[in-house]
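Residue-level listing of the chains:
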Amino acid sequence: MASATHKLAQKARTKASAAQAAAKKKYGAGSKQHLDAIKNVKAAEKVMKAEKKAEGLSHDEARKEREALVKQTEGLSGQKLFDLQTEIRAYGNVMREHTGRQKGQGTAYIGP
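Attention in this report is confined to the structure presented alongside it.

Thresholds, definitions, all that
- Residues numbered from 1 in each chain as written.
- Predicted model: local features only at pLDDT ≥ 70, side-chain atom pairs only at ≥ 80, totals over all residues.
- Heavy atoms only, no water.
- Helix = DSSP H or I, 4+ residues; strand = E, 2+ residues; numbered from the N terminus.
- Rg over C-alpha atoms; globule rule 2.2 N^0.38 Å.
- Buried < 20%, exposed > 50% of the residue type's maximum accessible area, 1.4 Å probe, protein only.
- Salt bridge = Lys/Arg side-chain N within 4 Å of Asp/Glu carboxyl O.
- 1 Å grid on protein atoms, 1.4 Å probe; cavity = no way out; pocket = protein on both sides within 12 Å on 5 of 7 lines; lining within 4 Å.
- Points joined across faces, edges and corners; volume = space filled by probe spheres on them.
- Nonpolar A, V, L, I, M, F, W, Y, C, P; charged D, E, K, R; others polar.
- Expected span 1.5 Å × (residues − 1).
- Contact = heavy atoms within 4.5 Å.
- Polar contact = N/O pair within 3.5 Å; in protein donor to acceptor, adjacent residues only side chain to side chain.
- Axes fitted to C-alpha atoms, helices over the stretch in contact; angles between N-to-C directions.
- Parallel < 35°, antiparallel > 145°, perpendicular 65-115°, else oblique.
- Left-handed = near helix turned anticlockwise from the far one by under 90°.

### Points about the overall build of the protein
Next, step 1: Assigned secondary structure in the protein consists of 4 helices and 0 strands.
Next, step 2: Going residue by residue from the N terminus, the α and β elements of the protein occur as α-α-α-α.
Next, step 3: Here the protein has a C-alpha radius of gyration of 17 Å; the compact-globule value for 112 residues is 13 Å, and the former is much larger.
Next, step 4: Referenced to the eigenvectors of the C-alpha coordinate spread, the extents of the protein come out at roughly 50 × 35 × 30 Å.
Next, step 5: Relative to its 112 residues, the protein shows a buried fraction of 26%.

### Notes on the pattern of salt bridges
Next, step 1: Scanning the model with the defined rule gives 6 salt bridges in all.
Next, step 2: Taking the shortest distance from any N to any O, the salt bridge between aspartate 83 and lysine 46 comes out at 3.1 Å. A residue pair is termed long-range when its members are at least 10 positions apart, and aspartate 83 in helix α4 (residues 78-99) and lysine 46 in helix α2 (residues 32-54) qualify at 37 residues.
Next, step 3: For lysine 46, a relative accessible area of 35% corresponds to the partly exposed category.
Next, step 4: The partner of glutamate 67 in a salt bridge is arginine 63, and the shortest N-O contact between them spans 3.5 Å. Pair noted here: glutamate 67 and arginine 63 are both in helix α3 (residues 59-72), with a separation of 4 residues, about one helical turn.

### Describing the layout of surface pockets
Rolled over the atoms, a probe with the dimensions of a water molecule shows which regions are left empty.
Next, step 1: As a volume, the largest pocket reaches approximately 210 Å³.
Next, step 2: Elements with a contribution of two residues or more to the lining of the largest pocket: α3 and α4.
Next, step 3: Of the residues forming the lining of the largest pocket, the biggest block, 6 residues, is contributed by α4.
Next, step 4: By residue class, the composition of the lining of the largest pocket is 3 nonpolar, 3 polar and 5 charged.

### As for α2
Next, step 1: Between its first and last C-alpha atoms α2 spans 33 Å; for 23 residues at 1.5 Å apiece the expected length is 33 Å, and the two agree.
Next, step 2: For α2, the full list of buried residues reads His34, Ala37, Val41, Ala44, Met48, Ala50, Glu51 and Ala54.
Next, step 3: Here the buried face of α2 lies against α1 (4-27) and α4.

### A short note on the side chain of asparagine 93
Next, step 1: Looking at the element boundaries, asparagine 93 is found in helix α4.
Next, step 2: By relative accessible area, asparagine 93 is classed as buried at 14%.
Next, step 3: There is a polar contact of 2.8 Å between the side chain of asparagine 93 and the side chain of glutamate 51.

### So, the packing of α3 against α4
Next, step 1: Axis separation between α3 and α4 bottoms out at 9 Å; the angle between their running directions is 155 degrees. Comparing their axes, α4 and α3 come out roughly antiparallel. The element α3 and its partner α4 pack so that their crossing is left-handed. Taking contact as the criterion, the partners of His59, Ala62, Arg63, Glu65, Arg66, Leu69, Val70 and Gln72 in α3 are, on α4, Leu84, Glu87, Ile88, Tyr91, Gly92, Val94, Met95, His98 and Thr99.

Pasting the structure below:
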């Protein structure tokens, strides 16, 4: 079963694909607008892949995977860091599903 985040990413990819086709038609293949639209499509696909990879894991499996990824972020920046953070969020989503907690719940930002 696809998560809510996966479904949102699917919708975003659909919109981004349409925007990419429109930019290609209006500005031409390889234009800045077209290349930016391609980046948006790829970003949505990365979220979908991360959510699919994390789907079905137990809380402990997701925690271990997430912790390993967090360690890999040291010293990274740019696109590599962004991609790892996308995967980290996917594992966090799985962990929250198992505990029944909402994003931010139980933190200093939201409270109990």
